[in-house]
Amino acid sequence: NFKFLVNTKASLFQPFQPYHYELHLKDEKVLLESRIIHSIYTAYNIFRRETSPEKQQSLMTMKYSKLFGRDTVIPLINEQNLDFSYYSLITIGGQNLTVNLDTGSPDLWVPGIQCNSSQCGTHNRFDPAKSSTFVPLQSSFSSSYGTGTIISGSIGQDTVIFGGISITNLTFGMASVDGFNSIYEEDGILGLSRQNGPISYPGIIQKIKDQKMLNQTILGFHLGRYKLNNTDQSFMNLGSLDANAYIGNIVYNNLVNQTQFPGTWMVALSDFQVDGVSIGGINSPALIDTGTPSIVGDINQVSKIHSMIPGSSFNNGIWSIPCNTTNIVSLVFNNISYKISPTELVKTPNQSNSMCESEIQGGQLDLWVVGAAFLSNVYSVFDYDNLRIGFADSK
């Protein structure tokens, strides 16, 4: 048995039932159990029975290599049950790590063994010496994210198992500087965009597509809304869609701005509505980003949205709304309006105050970035084969 810990804030936790996921490997079973163990840590225990790590890796590779043409469901952890970040397990060179599934970026990176505790905290770190399939590359990387966070380190190749599919010789980064250390529980990021990134090209999904490992190269996300329903579990479909996860029909949007921003998951956002009333004047490209918690866009349009929410206020560059707001904000894609639940429009309430930070904020951007505050309200589909994104109201 082994355990890895991630630091969390006890004050933000709410009670939840442990998740149990089972994966059968011939006569063997891997049981993932997520549970809170004392006040400030979450432990994810992986119990391995009757096998050495070397034998298990061999069994996993052999088992998963037979999954070509099949689809799978990947359970996601809703970080701190706050509906703002979702992550899953991944195996690199036989070592288990957690990664945010991020359609807004292209690369896979995890903390490397050389990353000291001041930079990587209690996160799991990949150790090349423990992998018989690791190949070092004589290059380094530095990536910057929208928050201004910098990640940098070295690059290598190894066998990666994701959603039951084994991808050999995948290039990934081993961070020695991790600017996300104090922000998120998960160890690293798995980029799911189609861009040429500073680390890995082709990325993991493109390699799966090129090797025809799935009948369809398609992702479907159900991001659970714990704040609305504490039994709502999160998952990602890989290779097929779950008709039980949504209401009505999936309406697709063709990708836009691929000349200016090639490989991005960007579609046309035509409007916002507040309680069914249009704010008008949007018609903007929108990056659909599962790795971003909020919705960020044009300052003037964001101001107009909040002017239609009674009790809104703007202080120190941040919009706040009443924690108990009942106003319905909707986004319009391809003439279809998709509602955001009021519980998803507010960040975690401050118990000593009736005002909460809004999940819609202004930024110095020529486009919108649409994250989990919206995506948790829909079943979202990322279609690599037909270069389109689909939405349907989530069940």
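Keep in mind it's a predicted model, so treat the numbers as computed, not measured.

With that settled, consider the overall build of the chain. Tallying secondary structure elements over the chain gives six helices and 29 strands in all. For the chain, with 395 residues in total, the buried portion stands at 55%. Within the chain, contacts between residues separated by at least 24 positions form 67% of all contacts whose residues are at least 6 apart in sequence. Of the roughly 16,900 Å² of accessible surface on the chain, 49% is carried by carbon and sulfur atoms.

In this section: the confidence of the model for the chain. Confidence in the prediction of the chain, expressed as mean pLDDT, is 83, and 81% of residues score 70 or more. Overall, residues 1-69 carries pLDDT values under 50, and its contacts beyond four positions in sequence, including any with other chains, amount to 151 contacts.

Our focus in this paragraph is the pattern of salt bridges. Close approach of charged atoms allows side chains of opposite charge to pair. A full pass over the atoms with the stated rule returns three salt bridges. When the shortest N-O distance is used, the salt bridge between Lys209 and Asp385 registers 2.8 Å. Taken together, the residues span a long stretch of sequence, with Lys209 in helix α3 (residues 204-210) and Asp385 in the loop between β28 (378-383) and β29 (388-394) at a distance of 176 residues. For Arg388, the salt bridge is made with Asp383, and the minimal N-O distance between the two is 2.9 Å. Overall, Arg388 belongs to the partly exposed group, its relative accessible area being 25%.

This part takes up the packing of aromatic side chains. This model, assessed by the stated rule, comprises 16 aromatic pairs. Ring geometry for Tyr338 against Phe374: centres 6.3 Å apart, planes inclined by 80 degrees, an arrangement best described as edge-to-face. Of this pair, Tyr338 sits in strand β24 (residues 336-340) while Phe374 sits in helix α6 (residues 372-375); the two residues are 36 residues apart in sequence, bridging distant segments of the chain. You'll find Tyr338 and Phe374 in the same group, each marked buried. Through a chain of ring-to-ring contacts, the aromatic side chains of Phe221, Trp265, Phe382 and Tyr384 assemble into a single cluster. Just above the ring of Trp265 sits the side chain of Arg194; from NZ or CZ to the centre is 5.8 Å. Between the NZ or CZ atom of Arg388 and the centre of the ring of Tyr252, over which it lies, the distance is 3.6 Å.

Take the pairing of strand β11 (residues 165-178) next. Here β11 lies mainly inside the structure; 10 of its 14 residues are buried. In terms of strand pairing, strand β8 (residues 108-111) meets β11 through three bridges, oriented parallel. Bridging across to β11, Val110 finds its partner in Met174. As defined by bridge partners, strand β10 (residues 150-162) adjoins β11 across 11 bridges and the pair is classed as antiparallel. Note on β11: the bridge partner recorded for Ile151 is Asp178. The hairpin formed by β10 and β11 contains two residues between the paired strands, and Gly163 there has a positive phi angle of roughly 60 degrees.

About the thresholds
Residues numbered from 1 in each chain as written. Predicted model: local features only at pLDDT ≥ 70, side-chain atom pairs only at ≥ 80, totals over all residues. Heavy atoms only, no water. Helix = DSSP H or I, 4+ residues; strand = E, 2+ residues; numbered from the N terminus. Buried < 20%, exposed > 50% of the residue type's maximum accessible area, 1.4 Å probe, protein only. Contact = heavy atoms within 4.5 Å. Areas by Shrake-Rupley, 256 points an atom, 1.4 Å probe, with all protein chains shown as cover. pLDDT = per-residue confidence, 0-100. Salt bridge = Lys/Arg side-chain N within 4 Å of Asp/Glu carboxyl O. Phe/Tyr/Trp six-rings, centres within 6.5 Å; stacked < 30°, edge-to-face > 60°. Lys NZ or Arg CZ within 6 Å of the ring centre and 35° of its normal. Pairing = 2+ DSSP bridges.

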